[in-house]
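# A structural walkthrough
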Amino acid sequence: MPKMKTHRGAAKRFRVTASGKIKRGKAYRSHILTKKTTKRKRNLRKTGYISVADQKNTKELLPYK
């Protein structure tokens, strides 16, 4: 059976932690930053986690992680 291919778009966006959770970056941080408050921009720097409902589908995109 051939090797499974990693979804390259997902591999660039997500990281799997040691406990098996999937980390992701926050959205709304790329442009139009002048109208966003400093507090909001600071909180967008922090990583978030994929919801439990989306974890199964995301792990299928990252077979070797």
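Residues numbered from 1 in each chain as written. Predicted model: local features only at pLDDT ≥ 70, side-chain atom pairs only at ≥ 80, totals over all residues. Heavy atoms only, no water.

Quick look at the overall build of the protein chain now. Counting its regular elements, the protein chain contains 3 helices and 3 strands. Relative to the compact-globule value of 11 Å for 65 residues, the protein chain shows a C-alpha radius of gyration of 15 Å, a clear excess of over 25%. For the protein chain, the spread of C-alpha atoms along the three principal axes comes to 50 × 25 × 20 Å. Residue burial in the protein chain is summarised as follows: out of 65 residues, 18% are buried. Taking the contacts inside the protein chain whose residues are at least 6 apart along the sequence as the reference set, 57% of them involve residues at least 24 apart. (Helix = DSSP H or I, 4+ residues; strand = E, 2+ residues; numbered from the N terminus. Rg over C-alpha atoms; globule rule 2.2 N^0.38 Å. Buried < 20%, exposed > 50% of the residue type's maximum accessible area, 1.4 Å probe, protein only. Contact = heavy atoms within 4.5 Å.)

One recurring pattern in soluble globular proteins: nonpolar side chains tend to sit buried together. In terms of nonpolar packing, the biggest core is built from 6 residues, these being A10, A11, F14, I22, I50 and L62. Those residues in contact with I22, other than ones at most four positions away along the chain, are F14, R15, V16, G48, Y49, I50, Q55, T58 and K59. (Core = buried A, V, L, I, M, F, W, Y, C linked by side-chain atoms within 4.5 Å.)

Glancing now at the packing of aromatic side chains. Inspection of every chain in the model, using the stated rule, returns 0 aromatic pairs. Lying over the aromatic face of Y49, K21 brings its terminal NZ or CZ to 5.3 Å of the ring centre. (Phe/Tyr/Trp six-rings, centres within 6.5 Å; stacked < 30°, edge-to-face > 60°. Lys NZ or Arg CZ within 6 Å of the ring centre and 35° of its normal.)

Sheet architecture is open: 3 strands sit in the order β1-β2-β3, paired in antiparallel fashion. Because the sheet does not close on itself, it has two edges, and the strands there are β1 (14–16) and β3 (48–49). (Pairing = 2+ DSSP bridges.)

On to the side chain of T58, then. By secondary structure assignment, the location of T58 is in helix α3 (residues 52–61). For T58, a relative accessible area of 7% gives the class buried. Polar contacts involving the side chain of T58 include one to the main-chain carbonyl oxygen of D54, which spans 2.8 Å. In this structure, T58 is in contact with F14, I22 and I50, ignoring residues within four places of it in sequence. (Polar contact = N/O pair within 3.5 Å; in protein donor to acceptor, adjacent residues only side chain to side chain.)

Despite not being glycine, Y28 shows a phi value in the positive range, around 70°. Mapped onto the elements of the fold, Y28 is located in the loop between β2 (22–24) and α2 (38–45). Taking the relative accessible area as the measure of exposure, Y28 reaches 63% and is therefore exposed. The phi angle at I32 is positive, at roughly 55°, despite the residue not being glycine. Looking at the element boundaries, I32 is found in the loop between β2 and α2.

All quantities given are derived from atomic positions and should not be read as evidence of function.
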